[in-house]
Amino acid sequence: MERRSKRPRRRGRRLLFLAVLAVLAGFYVHWGNTALQTAAFSPAFPDLPPGFDGCRVVVLGDLHSTWFGEKNETLLEAVRAQEPEYIFLVGDLLDAFQDVPEGYARETAAGLTAIAPTYYVTGNHEWALRDVPELKKALEAQGVTVLSNQFVTLERGGDTVVLAGVDDPNGYADQKSPETLAEEVRAAHGDPFWMLLAHRNNHFPEQYSLLGADLVISGHGHGGVIRLPFTDGLLSTDRTFFPTYTAGLYEKNGSTLFVTRGLGNSGPVFRLFNRPEVAVVTLRRG
């Protein structure tokens, strides 16, 4: 009596195992790119005005025209749950490499401003779309304060701080420089506690950290796209390996940087071990 070969049966089991593994990996990648994660940070500053101690800010960046729930309701619920006093949008709300849904900027802005005062600076992708003036008008019509190389004062507990914002370097060639904006802040307020919204995280070490801002808030780094243990991210958005200043808090030249990992992806890129982030920054005095 002939013995049947076990090889076809073993091969079939291996193929089934690999197919199940591929399906599970696909589900994990999808979940890791759509399931929001709330992350909390508490930078401390000795010269923070007492009235701003405990001030809660939600920082959102790099949405890249992505919906989280119908009309971003899942994102809005996550932001609302944090009870922020301010919301900072640090650029790349839209994406130059994929279709922008009709009404995306308007509806997202309306939802955010219904939660808390919202401030916005442009990223590189908005300028690649070439309709920035209309985008700014649409956001302002929904109550967003657009900071185009400008600054405003915020008040809390009887104290004030300065909030400044710069347009992305992809903007107009003759736009006001960050250095000029910093000089204007000092001319108007002396030596205030001030924060700077500036999309590009990689401009911090050689430029933004030298402006005198107490806190710079950025995006652009996407958390290093792929995050592995003991790294600051594997890839920069310029496709260089092992970038820094990609997520969380850093210090240089007496200035503190906060970088959000962001929310969306540009083009065919996907995140790995790097879920979309709703960042909550609580300012502390001390």
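This section reports on the structure supplied with the text. Fair warning: this is a prediction, and the values are worked out from it, not measured in the lab.

### Description of the overall build of the protein
Logical step 1: Tallying secondary structure elements over the protein gives six helices and 14 strands in all.
Logical step 2: Reported as C-alpha extents along the three principal axes, the dimensions of the protein are approximately 100 × 40 × 40 Å.
Logical step 3: Within the protein, the proportion of its 286 residues that are buried is 50%.
Logical step 4: Of the contacts made within the protein by residues no fewer than 6 positions apart, 71% connect residues no fewer than 24 positions apart.
Logical step 5: By element, 53% of the accessible surface of the protein is carried by carbon and sulfur atoms, the whole surface being about 14,200 Å².
Logical step 6: Mean positive and mean negative side-chain charge positions of the protein (28 and 33 charges, respectively) differ by 20 Å.

### Examining the side chain of serine 209
Logical step 1: Counting through the fold element by element, serine 209 comes out in the loop between β9 (194-200) and β10 (215-219).
Logical step 2: A distance of 3.1 Å separates a polar atom in the side chain of serine 209 from the backbone oxygen of proline 205.

### A few points about helix α5 (residues 132-141)
Logical step 1: What α5 keeps buried is the set Val132, Leu135, Lys136 and Leu139. The buried residues of α5 occupy one face: seen down the axis, they fall within an arc of 100°. Those residues of α5 that are exposed and angled more than 90 degrees off the buried face are Lys137 and Ala141.
Logical step 2: Considering only its buried residues, α5 is in contact with α3 (104-113), β5 (118-120), α4 (124-129) and β6 (145-146).
Logical step 3: At the exit of α5 stands glycine 143, carrying a positive phi of roughly 95°.

### As for the side chain of histidine 199
Logical step 1: Among the structural elements, histidine 199 can be located in strand β9.
Logical step 2: A distance of 3.1 Å separates the side chain of histidine 199 from the side chain of histidine 220, its partner in a polar contact.
Logical step 3: When residues no more than four places from it in sequence are discounted, the contact partners of histidine 199 are Asp62, Val90, Gly91, Asp92, Val121, Thr122, Gly123, Asn124, Asp168, Ser218, Gly219 and His220.

### Let's talk about a positive patch on the surface
Logical step 1: Together, Arg7, Arg9, Arg10, Arg11, Arg13 and Arg14 give the surface a local cluster of positive charge.
Logical step 2: Mapped onto the elements, arginine 9 comes out in helix α1 (residues 7-34).
Logical step 3: Residue classification places arginine 9 among the exposed residues on the basis of a relative accessible area of 54%.

### Regarding the pairing of strand β7 (residues 150-156)
Logical step 1: Bridge analysis of β7 against strand β8 (residues 159-165) gives seven bridges, and the strand direction is antiparallel. Counted as the bridge partner of arginine 156 is aspartate 159 from β8.
Logical step 2: Taken together, β7 and the strand that follows it, β8, pair antiparallel across an intervening segment of two residues, in which glycine 157 is found at a positive phi of about 60°.

### Quick word on the pattern of salt bridges
Logical step 1: Overall, the coordinates contain seven salt bridges when judged by the stated rule.
Logical step 2: For glutamate 184, the salt bridge identified is with lysine 176, shortest N-O distance 3.0 Å.
Logical step 3: You can call lysine 176 partly exposed: its relative accessible area is 31%.

### Description of the environment of valine 280
Logical step 1: Within the element layout of this structure, valine 280 appears in strand β13 (residues 277-282).
Logical step 2: Residue contacts for valine 280: discarding those within four places in its chain leaves Thr38, Ala39, Ala40, Phe41, Arg56, Val57, Val58 and Gln82.

### Digging into the sheet that holds β6
Logical step 1: With mixed pairing, the six strands of this open sheet are ordered in space as β1-β13-β3-β4-β5-β6. This sheet does not close on itself; its edge strands, each paired only once, are β1 (37-41) and β6.
Logical step 2: With four bridges joining them, strand β3 (residues 56-60) and strand β4 (residues 86-89) adopt parallel strand pairing. Paired with valine 57 across the two strands is tyrosine 86, which belongs to β4.

Criteria and thresholds
Residues numbered from 1 in each chain as written. Predicted model: local features only at pLDDT ≥ 70, side-chain atom pairs only at ≥ 80, totals over all residues. Heavy atoms only, no water. Helix = DSSP H or I, 4+ residues; strand = E, 2+ residues; numbered from the N terminus. Buried < 20%, exposed > 50% of the residue type's maximum accessible area, 1.4 Å probe, protein only. Contact = heavy atoms within 4.5 Å. Areas by Shrake-Rupley, 256 points an atom, 1.4 Å probe, with all protein chains shown as cover. Lys, Arg positive; Asp, Glu negative; His and termini not counted. Charge placed at Lys NZ, Arg CZ, Asp CG, Glu CD. Polar contact = N/O pair within 3.5 Å; in protein donor to acceptor, adjacent residues only side chain to side chain. Arc of directions from axis to C-beta. Patch = residues over 30% accessible without salt bridge, like charges linked within 9 Å, V, L, I, M, F, W, Y side chains within 5 Å. Salt bridge = Lys/Arg side-chain N within 4 Å of Asp/Glu carboxyl O. Pairing = 2+ DSSP bridges.

These figures come from the coordinates and say nothing about function on their own.
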